[in-house]
Structure formats: structure tokens, C-alpha cells
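Here are the chains, one letter per residue:
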Amino acid sequence: MLQSVNDLKGFVIIATDGEIGNIEEFYFEDSSLVVRYLVANTGNWLTGSQNLILPQAITHLDREKRNIHVSLTKEQVTESPGIDKHQPVSRQMEKLISDYYGERYYWDERPNLTPARLETANAAAAFVRSSVNSQAGSASAPAPDVHLRSMQEIANYQIDATDGEIGMVEDFFLETDDWTLRYIGVDTQRFLPGKHVLISMQWVQQINWAMRNVTIDLTREKIRQSPDYDKVTEVSREYETRLHKHYGEESTT
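Values in this document were obtained by computation on a predicted structure and should not be read as measured data. Here the residue numbering is sequential within each chain, running from 1 through the sequence in written order. With pLDDT at 70 or above as the cut-off, local features in this predicted model cover only qualifying residues; side-chain atom pairs require 80 or more to be listed or tallied, and sums for whole chains, interfaces and linings still use all residues. The side-chain quantities take in all heavy atoms of the structure and omit both hydrogens and water.

What to know about the overall build of the chain
Labels follow the DSSP assignment, with helices taken as runs of H or I lasting at least four residues and strands as runs of E lasting at least two, numbered in each case from the N terminus. Each helix and strand counted, the chain has seven helices and 15 strands in total. Contacts are assigned to residue pairs with any non-hydrogen atoms lying within 4.5 Å of each other. When contacts within the chain are restricted to residue pairs at least 6 apart in sequence, long-range pairs at least 24 apart make up 57% of them.

So this is what it looks like as C-alpha cells:
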């Protein structure tokens, strides 16, 4: 089921021995568009560090009660290697975290892609190429072993259609079955008052981290005519079907 990232933030995290904090942020891998870590706010604001939880530790997500259960104790989470929220998460740090939780390194896995996932994989490949290109020659570019991106980092990025600016990034939508990034929620109120639209990652041509914008392979008029999404209700499969049909493509979900 699709879930809004903005809505997930603030969900109470429940360990095997009680509440431990709230979901604060998400880190996703730029080569697969898969969420690799949930950032837990456990009250460690004095140290300036955050604790990471792997999605595979999640045992239940309750949308109605706005909580998420994990197969970890409170001590396991609070004693895990902390990260500096002002620094990128390196592969070395990821290894420390995976070793601590006793999990395999996800980058060593070679899962088979089903036809339904090929479009997302292609989008991820384009995403990586654009990420590398936009960072080339930048003195502030992260180290080569940094593969994670904060979703908060892309918030408010400008969205550029093939014929001009169309809006700003306002949300993301995840498939919680496999924690893959499926859609970007776009606020178009400066151009199309009151209209909110979803853009599939299949239609993203480039994300330029230096310029803080996202280029999509759609015209402004096509977006103007696309089905609105209601921010209050869940994104249904019926809506996804209408959305992809509007753009002349079959849904890959």
C-alpha cells in the first residue's frame, strides 16, 4: 500500500519493551530508490545524533493508531551507532549499523527484477546518472562512498516540466511492502491554484542536487489535465490506474 512520507513522520515507534520515540526522517538509496533506514527521534537532541532503524525490523504498521512496531528493544535502538544529522551517511557507517543489527549488507544482494519493477529500476538508473552529473566538479560533493539521500533534502525542490516550471516537491509516496519510492507529490499552486499532483519516478529525467530542481518528461498542460490527488485520503490503486492511463502508460504497481 502507498503511504505518504509526510504522514509517516511522527508515527510512534514501539519496541518490544515499549515506546521509544517517533519517526523523524527517511534515508533512501540513490541507486534503487529504496528506503534503507528510518530515522528515530529518541530524544537524543543533546548529542546531536540520530538513531537509524532498518525497515526489515518493522513487524507492523498501524495507520489508524499512527504507530509502527519493530522487533528491537529500546536499548538496541538507543545503543546503536548514532549518525550526525549534518553529515552524509557513508558506506563505512552503514557497515557499522548493519553489523550492529546483525543484518546483511543490502548492497551485496542481487535480487531478480520482475517486469513490474523494471520501470522503477530504469528510473533509479537515470536518478543515479543525474546525481553524479549534477555533483561533478562540485567542491562540496559528498565522498564517493555516500549512497544515501535524505527525503527532507529534496523537500521544496523546484519541479521543471519540458516547457517550464510547474511546482515544488511537497511529499513522497512509498510502497510499504518493499519501501520503494514510487511518486513525488507536487504542489502546483503558483501555476495551477488548488491542484496537487503525483509524478511517478518513471517520469523523472534528472534530479540536480546543486540547483535543487527536478526535471520531468511531461508538459505543463499534460500535468494541468492530470487527475488531482486528495491529500486527506489514501492514494488508491484506482487513482494510480487513472493517473497512468492519463499519461498513456500502464501502471507498474
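Here the narrative resumes, following the displayed structure.
Some thoughts on the pattern of salt bridges
Throughout this description, the term salt bridge denotes a Lys or Arg side-chain nitrogen within 4 Å of a carboxyl oxygen of Asp or Glu. In the structure shown here, the tally under the stated rule is twelve salt bridges. As a salt-bridge pair, Glu25 and Lys9 come within 4.0 Å of each other at their nearest N and O atoms. Here the residue Glu25 occupies a position in strand β3 (residues 18-29), and Lys9 occupies one in the loop between α1 (5-8) and β2 (12-15), the gap between them amounting to 16 residues. The class of Lys9 is partly exposed, set by a relative accessible area of 25%. A salt bridge links Glu165 to Arg190, with the shortest nitrogen-to-oxygen separation between them at 3.3 Å. Of this pair, Glu165 sits in strand β11 (residues 164-175) while Arg190 is found in the loop between β12 (180-187) and β13 (196-200), placing the two residues 25 residues apart along the sequence. Type-normalised accessible area, obtained with a 1.4 Å probe on protein chains alone, sets the label of each residue: buried when under 20%, exposed when over 50%, and partly exposed for intermediate values. Judged by its relative accessible area of 18%, Glu165 falls in the buried class. Arg190 gets classed as exposed once you look at its relative accessible area, which sits at 62%. Among the charged side chains, a network of salt bridges with common partners joins Glu175, Arg237 and Glu240.

Let's talk about the environment of Val70
Here Val70 is to be found in strand β7 (residues 67-70). Residue contacts for Val70: discarding those within four places in its chain leaves Ile13, Ile14, Ala15, Thr16, Ile53, Ala57, Ile58 and Thr59.

Quick word on the side chain of Ser200
Tracing the backbone through its elements, the reader meets Ser200 in strand β13. The residues touching Ser200, leaving out its near neighbours within four places in the chain, are Arg182, Tyr183 and His244.

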